[in-house]
Every structure is written in structure tokens, then in C-alpha cells.
Amino acid sequence: LLLAARTGVAIETATLYAGEAGRRAWLQTVIEQMPEAVVIVDPQGGLLLHNQAAAALFPTRASVGDPFAHELTDPS
């Protein structure tokens with residue numbers, strides 16, 4: 001009985017994980033196809049995702065792989 005319960009929980013977890021992975025892939029595809037620049041960062045400001053339109057805004061760093069790892073200059 002315990003094995004059946006654990007198996008049921010494992011199947012449910014796998015199903016939820018597969019659904020989440022599918023939703024993430026769909027969202028990433030939508031963002032990549034947008035003509036507007038999209039940048040998604042974590043609460044600490046780390047780059048999580050960007051699309052090609054956003055990478056085009058920073059062409060000097062795009063070839064390095066992290067187009068947003070640039071230093072901002074102080075205009076004063």
C-alpha cells in the first residue's frame with residue numbers, strides 16, 4: 001500500500017514537472033519571436049533570459065554571450 005502511494009506521488013510529480021517544462025518552453029518561444037526587446041532578470045539583477053531584439057541593443061557584447069554584462073558610464 002505504501003509503495004502504491006509513493007508511486008502515485010511520483011507519477012503526479014513527473015506529470016506536473018512535464019507540464020511546467022512545456023509552459024516554460026512555450027513562453028521562451030513567444031519571447032524570442034517578439035520584435036520588441038525583452039530582458040528578464042532575477043531579483044539580484046542577474047540575466048535570466050533575453051531575446052534577439054534585446055541582444056541587438058548591445059552589439060559589442062553580444063558575441064561574448066552576455067550582451068548585458070556592460071558597465072554603465074556616469075555622464076557627470
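Cut-offs applied
Residues numbered from 1 in each chain as written. Predicted model: local features only at pLDDT ≥ 70, side-chain atom pairs only at ≥ 80, totals over all residues. Heavy atoms only, no water. Helix = DSSP H or I, 4+ residues; strand = E, 2+ residues; numbered from the N terminus. Contact = heavy atoms within 4.5 Å. Areas by Shrake-Rupley, 256 points an atom, 1.4 Å probe, with all protein chains shown as cover. Salt bridge = Lys/Arg side-chain N within 4 Å of Asp/Glu carboxyl O. Buried < 20%, exposed > 50% of the residue type's maximum accessible area, 1.4 Å probe, protein only. Patch = residues over 30% accessible without salt bridge, like charges linked within 9 Å, V, L, I, M, F, W, Y side chains within 5 Å. Polar contact = N/O pair within 3.5 Å; in protein donor to acceptor, adjacent residues only side chain to side chain. pLDDT = per-residue confidence, 0-100.

(A) Spotlight on the overall build of the protein chain. When helices and strands are counted, the protein chain shows 3 helices and 2 strands. Across the protein chain, helices and strands are ordered from the amino to the carboxyl terminus as α-β-β-α-α. The long-range share in the protein chain, meaning contacts at least 24 apart out of those at least 6 apart in sequence, stands at 2%. Put simply, the protein chain shows about 6,300 Å² of open surface, and 63% of that area lies on carbon and sulfur atoms.

(B) Region of interest: the pattern of salt bridges. For the structure on display, the rule yields 2 salt bridges. Here Arg 23 ties to Glu 20 by a salt bridge, and the two come within 3.3 Å at their closest N and O atoms. Of this pair, Arg 23 and Glu 20 both sit in helix H1 (residues 2-33), 3 residues apart, roughly one helical turn. Arg 23 sits in the exposed class, given a relative accessible area of 52%. The partner of Glu 20 in a salt bridge is Arg 24, with the nearest N and O atoms 3.2 Å apart. Residue Glu 20 and its partner Arg 24 are both found in helix H1; the two are separated by 4 residues, about one turn of the helix.

(C) Molecular detail of a nonpolar patch on the surface. A cluster of nonpolar side chains, contributed by Trp 26, Leu 27, Val 30 and Met 34, occupies part of the molecular surface with about 380 Å² of accessible area. Turning to its location among the elements, Leu 27 is positioned in helix H1.

(D) Spatial organisation of the environment of Gln 52. Note that Gln 52 resides in helix H2 (residues 52-56). A sequence separation of 14 residues divides Gln 52 from Val 38, and the C-alpha atoms of the two residues are 8.5 Å apart.

(E) Highlighting the side chain of Asn 51. Along the polypeptide, Asn 51 turns up in the loop between strand S2 (47-50) and H2. Here the side chain of Asn 51 touches Ile 31 through a polar contact of 3.0 Å, landing on its backbone oxygen. Beyond its immediate chain neighbours, meaning those up to four positions away, Asn 51 contacts Ile 31, Glu 32, Met 34, Glu 36, Ala 37 and Val 38.

(F) Summary view of the environment of Thr 7. Secondary-structure assignment places Thr 7 in helix H1. Polar contacts involving the side chain of Thr 7 include one to the main-chain carbonyl oxygen of Leu 3, which spans 2.7 Å.

(G) Structural view of the environment of Gln 28. Within the secondary structure, Gln 28 sits in helix H1. Between the alpha carbons of Gln 28 and Leu 49 there is a distance of 8.2 Å; along the sequence they are 21 residues apart.

(H) Summary view of the confidence of the model for the protein chain. Looking at the protein chain, pLDDT values average 77 and 76% of them are 70 or higher. Looking at the elements of the protein chain, mean pLDDT is at its lowest for helix H3 (residues 59-62), recorded as 54, and at its highest for H2, recorded as 89. Counting interchain partners and residues more than four positions distant, the pLDDT-below-50 stretch residues 70-76 has 2 contacts.

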